[in-house]
Amino acid sequence: MLNGNKKRWMSSGIAALLSIAMLAGCGGNSGTNEGASGTTPGSDKPGAEVELYENGLPKNEEVTLKVGLFVGGYGRDFFDNAAESFKAKYPNVKLDITASADMKTILSTRISAGNDKDMFDLFNTEPSGGIVGLAEAGKLEPMDDIWEYPLPDAPDKKVKDLMMPGMYESTPLIQGKRYEFTTASSFGGLFFNKKLFEEHGWNQNPNTWDEFKTLLADIKADGIAPITFPGIHPSYHNWAFGVAKNFELADINGHVDEFIENYRTYGLPQYTNPENIEAWTRFYELGKEGYFAEGLPALNHTQSQMQVIQGQAAMVSTGTHVENEMKEATPEDFEWGYMAVPFRENTDQTLWIRSGTTNFNYIWAAKPDLNKKWAKELIAWMVTLENQQFAAENAGALPMRKDLAEDPERAAKLTSSAQAVLKYIADNKAQTYKASRSISISDPNLAQAEKLMNENIVKFAMGLQDPKPILEQAEELLKKAVEAEKK
Amino acid sequence: MSDSTVVKAPKAPARKRLGLDKANTQKWIFLIIAIVPPFGGYLLFTLFPNILSVYYAMLDWDGFTDATFVGLSNFVTAFQDKYVWRALTHNLIFMITVPFFVIVISLLLAYLITNKTYKENKFLKVLFFFPNVLSTVVVALLWAFIYDGSYGLLNGVLKFVGIDVGNFYWLGNESTALLSIIPAWVWGGVGLYVIIFANAMLGIPKSLYEAAILEGAGHMTRLMKITMPLVTPIIRVSALFLVVGTMKGFEIILIMTNGGPFGSTDVIGLYMFNLAFGVEYRNYGYASAVGMILFVILVTAKLLIDKFVPNRGYEY
């Protein structure tokens with residue numbers, strides 16, 4: 001038996017050890033644990049010949065890449081599949097994956113913590129507030145060089161050669177450099193139940209604004225709400241009616257390049273330029289005609305998409321991810337159709353389609369060079385035909401490889417939504433584009449301007465509010481924000 | 001305690017001193033182990049970030065680039081920000097209604113559970129507590145479905161009793177959304193307070209009730225003259241927790257309406273969250289300034305409760 005003193009000393013000692021262990025646990029990965037995100041030299045013998053992979057990276061140095069994976073409509077299987085084959089090919093590379101639907105908040109917190117070691121090497125969504133400020137501050141790695149990489153499965157071709165047309169050109173430039181690279185995009189527009197359209201004989205490809213309005217009138221006459229979107233998250237309207245439509249109008253008016261540059265740099269007027277007023281006025285007109293679903297202000301995005309599956313609404317404003325997102329609730333024989341909202345007046349004019357924000361990859365600049373190189377290799381790996389096919393078939397992702405989209409045998413295996421979008425782009429004179437800003441503004445007046453617009457989108461859709469006075473108020477707030485930013 | 005043990009054990013004076021030293025050291029080790037981790041955690045993870053927020057509130061800072069010191073400018077902007085005032089108005093409505101209903105309903109249910117000998121009492125306790133086991137997300141989604149226009153339970157029940165409101169979306173209408181959130185919030189909060197109040201009531205000596213019954217006191221007299229006065233300190237603390245929780249909380253609103261429709265359910269916590277973690281906008285400095293305003297309001301609410309809710313304790 002232990003005497004009282006010994007017992008007390010032992011219990012005190014155990015408690016002290018536990019406390020130290022707890023404090024050590026709180027200490028994170030600081031210290032000598034390079035494996036968390038770093039490189040471990042395998043052979044340091046002087047004069048030893050270093051074996052290299054075909055991409056020029058050493059086989060003997062172990063690397064662990066920390067990956068922040070946003071799990072959205074496409075899920076995570078497509079990434080896990082690519083990651084497995086990548087690790088099999090490059091066994092010295094390990095992936096430490098943190099996957100979450102709330103990756104934006106996780107990123108923001110990690111970035112604000114200012115600990116580069118704790119930060120992800122690679123992440124596939126923007127943090128809250130966007131990436132412009134990060135890129136300007138040198139926190140992100142430029143990715144222009146990935147476009148020049150040889151494709152892992154077609155070494156005689158560069159990445160740029162086999163990517164979908166327009167992807168390189170539409171990748172946003174910040175201070176003249178590209179900081180993002182998408183491997184599985186989502187294009188926006190109106191998605192519908194193809195069979196329902198066939199049953200009612202509705203026009204599945206209205207070419208002009210007038211034809212589109214006729215279609216909406218036909219649908220409404222048949223007792224179905226023509227369009228829905230989640231009023232709880234009104235920015236979803238953007239997939240079909242957003243900035244891409246302003247670009248379309250600017251293109252029709254013959255000054256799209258100037259317009260895009262103005263948009264990217266917050267050149268005034270933003271809210272009250274003629275194209276923006278026109279776009280919102282058209283949206284409001286549809287609202288006054290009662291073309292948006294009843295109860296839309298109370299719907300979340302799943303509910304709005306369910307309305308289409310259940311035949312309560314004919315079309316939903318969303319992206320190609322809808323099919324994978326709703327696969328558990330969709331009947332087996334359900335086939336998704338797709339159309340963009342045509343603002344154009346004739347078929348000679350170009351339709352502009354929103355390229356989404358899904359799976360745009362970013363690399364943290366303050367990481368070891370070898371990690372950044374492997375992160376770029378992983379991104380290039382995700383655009384191999386095999387990985388693209390897997391993502392397209394299983395997640396409904398739009399392939400980024402044009403040789404996949406152009407191969408009828410491979411294209412036939414895509415999900416119905418992806419096929420519908422690709423067919424639509426092939427059948428129409430269409431341009432995809434990702435709208436983005438190249439400067440950041442932190443003045444609170446900008447937040448108020450955006451809030452003002454966000455809260456009124458649903459009012460416009462319900463035909464309850466003329467957009468012009470709201471646009472003017474938003475412009476005034478933005479003007480103050482821009483002026484404050486100049487000081 | 002431990003000192004007395006040490007005094008008894010050694011016989012020789014030298015051993016006695018050694019024992020006392022050891023006991024003293026052990027006492028300090030114990031105190032350090034017991035106090036430092038929780039107090040250190042409080043300092044590090046609660047107090048320090050809160051104090052830091054005061055400094056952040058004076059910065060124009062997006063969280064990762066160099067911050068600019070802007071003095072009180074964020075506070076000036078916040079006081080001129082109509083969304084801050086609108087959100088605070090909504091908070092005030094929730095702050096008055098939610099704690100009131102939670103306390104009244106909880107007291108009623110707790111009184112029935114403790115004073116009525118229903119055979120299902122144990123089951124009822126579990127049933128009332130059940131919403132507290134559910135996460136806020138589940139509670140919010142559950143009520144969002146209840147209020148759904150097409151398939152919602154509420155419209156179904158109303159139709160069943162002869163009130164046909166058609167496909168009315170309770171959360172999609174500016175005039176009903178805010179009021180519709182209150183029952184969900186109350187439902188999610190009642191269970192915990194039923195248990196707290198029931199236990200407080202069970203702690204009241206039976207002899208007080210027996211004496212009152214002998215003197216002819218009825219249910220209402222016993223409730224108002226014995227039960228209520230003796231549970232008042234618990235009600236007071238509960239009111240404080242509820243007021244502070246309602247003022248700070250926004251999760252249920254984030255899920256049910258995200259502040260809509262048209263901002264009619266926006267609250268200060270949600271606004272602050274969106275300022276700090278918005279999709280297109282991020283300004284930790286301004287969000288911190290709004291947070292400081294919330295802090296001042298909470299301290300004021302606490303002082304008001306201290307002043308106006310009686311803090312009389314009764315010994316029995």
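Model, not experiment: these values are computed from the prediction.

S.K.: Teacher, can you tell me more about the overall build of chain B here?
M.R.: Helices and strands together make up the secondary structure of chain B, namely 13 helices and 2 strands. Here the C-alpha radius of gyration of chain B, 26 Å, is well above what a compact globule of 316 residues would show, namely 20 Å. Projected onto its principal axes, the C-alpha positions of chain B cover 90 × 70 × 35 Å. Within chain B, the fraction of its 316 residues that count as buried is 42%. Long-range contacts, defined here as pairs at least 24 residues apart, represent 65% of the contacts in chain B between residues at least 6 apart. Averaged over its 23 positive side-chain charges, chain B has a centre that lies 18 Å from the centre of its 17 negative ones.

S.K.: Would you mind going over the interface of chain B and chain A with me for this structure?
M.R.: At the interface, 46 residues of chain B touch 46 residues of chain A. Taking both partners together, chain B and chain A bury about 3900 Å²; carbon and sulfur atoms supply 58% of that area. Where chain B packs against chain A, one counts 2 salt bridges. Among the ionic pairs, Arg 86 of chain B bridges to Glu 455 of chain A, the shortest N-O distance being 2.5 Å. Taken together, the links from chain B to chain A amount to 16 residue pairs in polar contact (both at pLDDT 80 or more). Looking at the side of chain B that touches chain A, the elements with two or more residues in it are helix H1 (2–8), helix H2 (13–56), helix H3 (73–80), helix H4 (82–115), helix H11 (251–256), helix H12 (268–277) and helix H13 (284–308) of chain B. Sorting elements by how many residues they give to the side of chain B that touches chain A places H2 of chain B first, with 6 residues.

S.K.: I tried to follow H4 of chain B on my own but got confused; where do I start?
M.R.: Note that an α-helix has 3.6 residues per turn; residues three or four places apart therefore point the same way. Taking 1.5 Å per residue as the helical rise, H4 of chain B with its 34 residues ought to reach 50 Å, and the 49 Å between its terminal C-alpha atoms agrees with that figure. Sitting at the head of H4 of chain B, Asp 81 of chain B places a side-chain oxygen 2.9 Å from the backbone nitrogen of Tyr 83 of chain B.

S.K.: Honestly, the sheet that holds strand S11 (residues 225–228) of chain A in this entry has me stumped. Any pointers?
M.R.: Residue and element names in this part refer to chain A. Taken together, the 4 strands give an open sheet; going across it, the order is S11-S12-S10-S13, and neighbouring strands pair in mixed fashion. What marks the edges here is a single partner per strand, and that holds for S11 and strand S13 (336–339). For this sheet the average axis-to-axis angle between neighbouring strands, irrespective of direction, equals 30 degrees. The pairing of strand S10 (residues 188–193) with strand S12 (residues 313–319) spans 5 bridges and is antiparallel. Looking across to S12, one finds that Gly 188 is bridged to Gly 319. Its contacts with the sheet put helix H13 (residues 301–309) on S10, S11, S12 and S13, and the angle it makes with S12 is roughly 140 degrees.

S.K.: Would you explain the UniProt feature "transmembrane region" (unreviewed entry) in chain B in this entry?
M.R.: Residue and element names in this part refer to chain B. The feature "transmembrane region" (unreviewed entry), as given by UniProt, occupies residues 28–52, 92–114, 126–146, 184–204, 224–245 and 285–305 in the numbering adopted here. With 90% helix and 0% strand, residues 126–146 has its two end C-alpha atoms placed 22 Å apart. Along residues 224–245, the helical share is 100% and the strand share 0%, with 28 Å between the first and last C-alpha atoms.

S.K.: Please explain the domain arrangement of chain B as it appears in this structure.
M.R.: The figure often quoted for interface size is the accessible area lost as the parts come together. All names here are of chain B. Domain boundaries in chain B define domain 1 (19–57) and domain 2 (81–308). One C-alpha centre belongs to domain 1, the other to domain 2; they are set 34 Å apart. Of the residues lining the interface, 5 residues belong to domain 1; the matching set on domain 2 comes to 4 residues. Together domain 1 and domain 2 conceal approximately 330 Å² of surface at their shared face, both sides included; 74% is due to carbon and sulfur atoms. Three residues stand out in domain 1 for area buried against domain 2, namely Ser 53, Tyr 56 and Ala 57, and they jointly supply 82% of the buried area on that side. Here domain 1 is connected to domain 2 by 0 salt bridges. Taken together, domain 1 and domain 2 are joined by 0 residue pairs in polar contact (both at pLDDT 80 or more). The residue inventory of the side of domain 1 that touches domain 2, partitioned by class, reads 3 nonpolar, 2 polar and no charged.

S.K.: Sorry if this is basic, but what is going on with the packing of H4 of chain B against helix H8 (residues 177–202) of chain B here?
M.R.: Axes are the key here: two packed helices are described by the angle between their axes and the distance separating the axes. Residue and element names in this part refer to chain B. Packing of H4 against H8 brings their axes to within 6 Å, and their N-to-C directions diverge by 40 degrees. With respect to H8, the element H4 is oriented oblique. Two packed elements cross with a definite hand, and for H4 against H8 that hand is right-handed. Looking at the contact of H4 with H8 residue by residue, the classes come out as 24 nonpolar, 5 polar and no charged.

S.K.: Sorry if this is basic, but what is going on with the nonpolar core here?
M.R.: Generally speaking, soluble globular proteins have nonpolar side chains that are buried together. Counting residues in hydrophobic clusters, the biggest one holds 143 residues, and the most contacted among them are Phe 212, Phe 241, Met 315 and Trp 374 of chain A. Excluding residues within four positions of it along the chain, Phe 241 of chain A makes contact with Leu 190, Ile 227, Phe 283, Leu 286, Phe 292, Val 341 and Phe 343 of chain A. Judged by nonpolar contacts, the second largest core, of 51 residues, contains Trp 143, Ile 182, Val 190 and Tyr 193 of chain B.

S.K.: Whenever I open this one, H8 of chain B confuses me. Can you help?
M.R.: The end-to-end C-alpha separation of H8 of chain B is 38 Å, in line with the 38 Å expected for 26 residues at 1.5 Å each. At Val 190 of chain B, H8 of chain B shows its strongest bend, of approximately 35 degrees.

S.K.: Sorry, what's going on with unusual backbone geometry here?
M.R.: Peptide bonds are trans in most cases, and residues, glycine excluded, mostly fall at negative phi. The omega torsion of the bond from Leu 268 of chain A to Pro 269 of chain A falls at -5 degrees, within 30 degrees of zero and hence cis. Position of Pro 269 of chain A relative to the elements: it lies in the loop between helix H11 (256–264) and helix H12 (274–288). The omega torsion of the bond from Gly 260 of chain B to Pro 261 of chain B falls at -5 degrees, within 30 degrees of zero and hence cis. Positive phi values are uncommon outside glycine, yet Tyr 266 of chain A reaches one of about 55 degrees. Counting through the fold element by element, Tyr 266 of chain A comes out in the loop between H11 and H12. Taking the relative accessible area as the measure of exposure, Tyr 266 of chain A reaches 6% and is therefore buried. Positioned with a positive phi, Asn 258 of chain B is a non-glycine residue whose angle comes to about 55 degrees.

S.K.: What am I meant to see in the environment of Asp 257 of chain A here?
M.R.: Tracing the chain through its elements places Asp 257 of chain A in helix H11. For the pair formed by Asp 257 of chain A and Glu 294 of chain A, sequence separation is 37 residues and the distance between their alpha carbons is 38 Å.

S.K.: Quick question: what am I supposed to make of the packing of helix H10 (residues 243–252) of chain A against H12 of chain A here?
M.R.: All names here are of chain A. Their axes nearest at 9 Å, the elements H10 and H12 cross at an angle of 120 degrees. The pairing of H10 with H12 is recorded here as oblique in orientation. Between H10 and H12 lies a crossing of right-handed hand. Facing H10, whose interface residues are Asn 246, Leu 249 and Ala 250, H12 presents Glu 275, Asn 276, Glu 278, Ala 279 and Arg 282. Class assignment for the residues of the contact of H10 with H12 results in 3 nonpolar, 2 polar and 3 charged.

S.K.: Please clarify how the pattern of salt bridges should be interpreted in this entry.
M.R.: Opposite charge on two side chains makes pairing possible when the charged atoms of those side chains draw close. Residues and elements named next belong to chain A. Under the defined criterion, the tally for this structure stands at 28 salt bridges over all chains. For Lys 423, the salt bridge goes to Asp 427, with nearest N and O atoms at 2.6 Å. Separated by 4 residues within a single helix, Lys 423 and Asp 427 lie in helix H19 (residues 416–427), roughly one turn from each other. With a relative accessible area of 53%, Lys 423 lands in the exposed category.

S.K.: I tried to follow the confidence of the model for chain B on my own but got confused; where do I start?
M.R.: It should be kept in mind that the predicted coordinates are not to be read in detail where pLDDT is low. The share of residues in chain B with pLDDT of 70 or more is 93%, and the mean pLDDT across the chain is 87. pLDDT under 50 marks residues 1–6 of chain B. Its contacts with residues more than four places away, or in other chains, come to 5 contacts.

S.K.: I would appreciate a short explanation of the pairing of strand S14 (residues 351–354) of chain A in the present structure.
M.R.: If a strand is regular, its side chains alternate between the two faces of the sheet. All names here are of chain A. The alternating pattern of S14 places Leu 351 and Ile 353 and Trp 352 and Arg 354 on opposite faces, both of which are buried. Relative to strand S16 (residues 430–433), S14 runs parallel, the two sharing 4 bridges. Across the sheet, residue Trp 352 finds its bridge partner in S16, namely Gln 431.

Conventions adopted
- Residues numbered from 1 in each chain as written.
- Chains lettered and ligands numbered in written order.
- Predicted model: local features only at pLDDT ≥ 70, side-chain atom pairs only at ≥ 80, totals over all residues.
- Heavy atoms only, no water.
- Helix = DSSP H or I, 4+ residues; strand = E, 2+ residues; numbered from the N terminus.
- Rg over C-alpha atoms; globule rule 2.2 N^0.38 Å.
- Buried < 20%, exposed > 50% of the residue type's maximum accessible area, 1.4 Å probe, protein only.
- Contact = heavy atoms within 4.5 Å.
- Lys, Arg positive; Asp, Glu negative; His and termini not counted.
- Charge placed at Lys NZ, Arg CZ, Asp CG, Glu CD.
- Buried area = accessible area lost by both parts, 1.4 Å probe.
- Salt bridge = Lys/Arg side-chain N within 4 Å of Asp/Glu carboxyl O.
- Polar contact = N/O pair within 3.5 Å; in protein donor to acceptor, adjacent residues only side chain to side chain.
- Expected span 1.5 Å × (residues − 1).
- Pairing = 2+ DSSP bridges.
- Axes fitted to C-alpha atoms, helices over the stretch in contact; angles between N-to-C directions.
- UniProt positions renumbered as here; feature names shortened; annotations may be inferred.
- Domains from an automatic or database assignment.
- Nonpolar A, V, L, I, M, F, W, Y, C, P; charged D, E, K, R; others polar.
- Parallel < 35°, antiparallel > 145°, perpendicular 65-115°, else oblique.
- Left-handed = near helix turned anticlockwise from the far one by under 90°.
- Core = buried A, V, L, I, M, F, W, Y, C linked by side-chain atoms within 4.5 Å.
- Bend = angle between axes of the 7 residues up to and from the residue.
- pLDDT = per-residue confidence, 0-100.

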